[in-house]
Amino acid sequence: MPVYRDAGFELTDAITTENAFKKETEHSRESDIYIYSRYRNPTVVSAEDEIMKLEECAWALLTQSGMSAIDTALSIFQNGNSTRPWLFFTEIYGGTISFVESVLKTRRGLNIQYFTPDNGTYDPDKLENAISVIKPELVYIETISNPMLIVADVTNVLIIAKKYGAKVIVDNTFATPYLYKPLTDNADIVIHSVTKYFSGHGNLSAGVICGNNDKMMQSAIEYRKFVGHMLSPDDAYRLQTQIQTFELRFSRQCSNASRLAEYLGNIPIINMVWFPGLKSHPTHIIAEKLFGNKGNGAMITFDFDGKDKNEKRGRRDMFIKLVSEKIKLIPTLGDPRTILMPVEAVWGAKYPEPGMIRLSVGFEDYGELEGIISGAVDRIEAG
Ligand code: PLP
């Protein structure tokens, strides 16, 4: 696929032009329907086709960030003053919560409700009770949450939400279609921060909104066009290339993460490891049910032990310093190499444990990765 950098595309005559404008919100792939790159671009369409194959869905629309995909996905359900309450799970990306609070609630005046987990898992009875009382028009959930890696029983959430007539948007960024495809279980919309595993090299920012319903697609195409959320052709080209190796990369990241989580679980100065593949994780059984034996994602959160907060903080800081040449502190995830983030510094009061570190496990050689971590842990243990 060439990179079509054209802002506008040549049309042959008035009839073709009329036809192209009529088909603006259709899922058309014909060569003479391209008008203007903010509406539709052949290079972007080609990358969208790759995502449709992965999520097994009827349409996928790329945007220039995960946040613009979220804005698009949510905005197509907004219907002036007649919009009923929207229910968000509290364990979702912090940027999404800020968008919900600052844009949806404060600026657009929407009635926003939240659903909170108990003891690290979502209680289905409590959820059904909340949905039956709130009667939300929309439920918004992430398959695997961040940083506690709570796996939602999305299949069951969909059954409950549908019973009460709610539409469901699933952010599937952490699980990816390699582990689970929410649209095959009747989710209305799936979104991704493509910046993460789909592009997988920490070198571009993109998002995608996927679905099967035609009307939702038309609204999403219109909204993306109105606000100019379209992905650039250059980024789409790079994505189209990088996404070819998605399954290879992500399966390796998942297996590296499983091995590393087991290893970290046996280190005496590590107090706790959160990874859905470990039996100790509160949602381990749900992960087994949803993902089978394919993997449990590539994120791990762990907490350094210590006699007090100062010792924990000291161990965290020493670890970050000792591994810094190979494991960088980079506030993203899904990169080729393992990267880390100190949890308290990012989430503040929500997760105030000073010893906590979140790892985004890469697809580097596992032996090398364990060697770097064991070297640092040995030094910390030695004082
Ligand atoms: N959804 C999840 C789960 C994320 O982790 C992020 C970003 O970290 C986003 C959405 C937003 O994506 P982007 O940064 O590509 O806008």
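Residues numbered from 1 in each chain as written. Predicted model: local features only at pLDDT ≥ 70, side-chain atom pairs only at ≥ 80, totals over all residues. Heavy atoms only, no water.

Asks: Describe the packing of aromatic side chains, with residues and values.
Replies: Within this structure, the stated rule accounts for 14 aromatic pairs. Ring centres of Phe-246 and Phe-250 lie 5.8 Å apart, and the angle between their planes is 15°; this geometry places the pair in the stacked category. In this pair, Phe-246 and Phe-250 both sit in helix α10 (residues 246-265), four residues apart, roughly one turn of the helix. Accessibility classification places Phe-246 together with Phe-250 in one group, the buried group. Cluster of aromatic residues (ring-pair linked, three or more members): Tyr-178, Tyr-197, Phe-198, Phe-246 and Phe-250. In this arrangement the basic side chain of Lys-225 is found over the ring face of Tyr-39, its NZ or CZ atom lying 4.7 Å from the centre. (Phe/Tyr/Trp six-rings, centres within 6.5 Å; stacked < 30°, edge-to-face > 60°. Helix = DSSP H or I, 4+ residues; strand = E, 2+ residues; numbered from the N terminus. Buried < 20%, exposed > 50% of the residue type's maximum accessible area, 1.4 Å probe, protein only. Lys NZ or Arg CZ within 6 Å of the ring centre and 35° of its normal.)

Asks: Any chance you could break down the environment of Ala-298 for me, citing the residues and the numbers?
Replies: Structurally, Ala-298 is set in the loop between α11 (284-291) and β9 (299-304). Residue classification places Ala-298 among the buried positions, given a relative accessible area of 1%. It is 14 Å that separates the C-alpha atoms of Ala-298 and Tyr-263, two residues lying 35 residues apart in sequence.

Asks: So what's going on with unusual backbone geometry? Residues and values would help.
Replies: Of note, the amide linkage connecting Asn-146 to Pro-147 takes the cis form, showing an omega dihedral of 5°. Within the secondary structure, Pro-147 is located in the loop between β4 (138-142) and α6 (154-163). Although it is not a glycine, Lys-135 adopts a positive phi angle of roughly 50°. Within the secondary structure, Lys-135 sits in the loop between α5 (124-134) and β4.

Asks: For the nonpolar core, give the residues involved together with the corresponding values.
Replies: Among the nonpolar cores identified, the biggest contains 123 residues, and Leu-264 and Phe-319 are the most heavily contacted of them. Ranked by the residues each element gives to this core, the list is headed by α10, at eight residues. Contacts of Leu-264, omitting those with residues within four sequence positions, involve Ile-270, Val-273, Ile-300, Phe-302, Leu-359 and Ile-373. (Core = buried A, V, L, I, M, F, W, Y, C linked by side-chain atoms within 4.5 Å. Contact = heavy atoms within 4.5 Å.)

Asks: So, the sheet that holds strand β7 (residues 207-211): which residues are in play, and what are the values?
Replies: Strand order in this open sheet of seven strands is β1-β7-β6-β5-β4-β2-β3, and the pairing throughout is mixed. Pairing within the sheet leaves two strands with one partner each, and these edge strands are β1 (59-63) and β3 (112-115). Strand-to-strand, the axes of this sheet are offset by a mean angle of 20°, without reference to chain direction. The pairing of strand β6 (residues 189-193) with β7 spans five bridges and is antiparallel. Along β7, the bridge assignment pairs His-192 with Val-208. (Pairing = 2+ DSSP bridges. Axes fitted to C-alpha atoms, helices over the stretch in contact; angles between N-to-C directions.)

Everything listed here is a matter of coordinates, which is why it stays silent on function.
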